[in-house]
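Geometric and topological summary
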Amino acid sequence: MNAETTAGKDQAPVNAVSAKAARADKKFSRKEHILQALAQMLESGPGARITTAALAREVGVSEAALYRHFPSKARMFEGLIKFIEDTLFIRINRILQDELSTVERCEKILTLLLTFAEKNPGMTRLMTGDALAGETERLRVRISQMFDRLEAQLKQILREAQIREGLKPRVSPAVLASLLLATAEGRLMQFVRSEFKRPPTEHWDEQWAFLAQNMLQPFTEAV
């Protein structure tokens, strides 16, 4: 077997792998394009229900082509929800790695939530459930679980205040975490209800300053 033949045999698998990778990249790119189009439609049509026919027209493909990438509209929504979850919790983990006070950690997490919503109006419709009316229940459950996870994270931060700073919440960590998240969720609801005219971060600095001064108090051992 000569060197040329050997090179040819070695090259074939490489070309096959490259072609396979290119097809995978193209498929991923098309899926990403579909999700971006869906997010844009959610933003440009406040209150409107998205149909696969309309989405296909927006993407410039047939409905059959959409279903080659996603087996159902629910899976498309799940793709957007996964993006929301990944974006928020990756950044929350970074916040938790920094040496910040309890108040600062809570502020950064809630501000992250509000800022993300403000930059992604269409996805905010998913977060508030506005775009999920008439859709499969598992989507609403998944959004609910995401907010439960956010609340649990806030609760844990508040519980750790005693160990980290010698402080404790003025009410129970569970009650305070619920209040803080409800405040942020209310801003998201106002944003959607105003058809994206009322930014979630509007007056947030002043509102947070008011909340923060009533959050914690020194921890004292019971005598």
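What comes next concerns the included structure. (Residues numbered from 1 in each chain as written. Predicted model: local features only at pLDDT ≥ 70, side-chain atom pairs only at ≥ 80, totals over all residues. Heavy atoms only, no water.)

Turning our eyes to something else, we now look at the overall build of the chain. When its secondary structure is counted, the chain shows 10 helices and two strands. Counting all 223 residues of the chain, 36% fall into the buried class. Relative to all contacts within the chain whose residues are 6 or more apart in sequence, the contacts with residues 24 or more apart total 71%. (Helix = DSSP H or I, 4+ residues; strand = E, 2+ residues; numbered from the N terminus. Buried < 20%, exposed > 50% of the residue type's maximum accessible area, 1.4 Å probe, protein only. Contact = heavy atoms within 4.5 Å.)

By the definition in use, this model includes 11 salt bridges. When the shortest N-O distance is used, the salt bridge between Arg75 and Glu78 registers 3.4 Å. Here Arg75 and its partner Glu78 are both found in helix 4 (residues 73-97), three residues apart, which amounts to about one turn of the helix. Using a relative accessible area of 15% as the deciding quantity, one classes Glu78 as buried. Its salt-bridge partner being Lys197, residue Glu195 comes within 3.8 Å of it at the nearest N-O pair. Taking the relative accessible area as the measure of exposure, Glu195 reaches 45% and is therefore partly exposed. In this structure Lys197 comes out as exposed when scored by relative accessible area, which is 63%. (Salt bridge = Lys/Arg side-chain N within 4 Å of Asp/Glu carboxyl O.)

In this model, helix 7 (residues 137-159) (23 residues) spans 33 Å end to end at C-alpha, consistent with the 33 Å of a helix rising 1.5 Å per residue. Taken as a whole, helix 7 has its buried residues at Leu139, Ile143, Met146, Phe147, Leu150, Leu154, Ile157 and Leu158. (Expected span 1.5 Å × (residues − 1).)

Okay, the environment of Ile84 next. Relative to the helices and strands, Ile84 is located in helix 4. Accessibility expressed as a relative area gives 0% for Ile84, which makes it buried. For the pair Ile84 and Met127, spaced 43 residues apart in the sequence, the C-alpha separation amounts to 8.6 Å.

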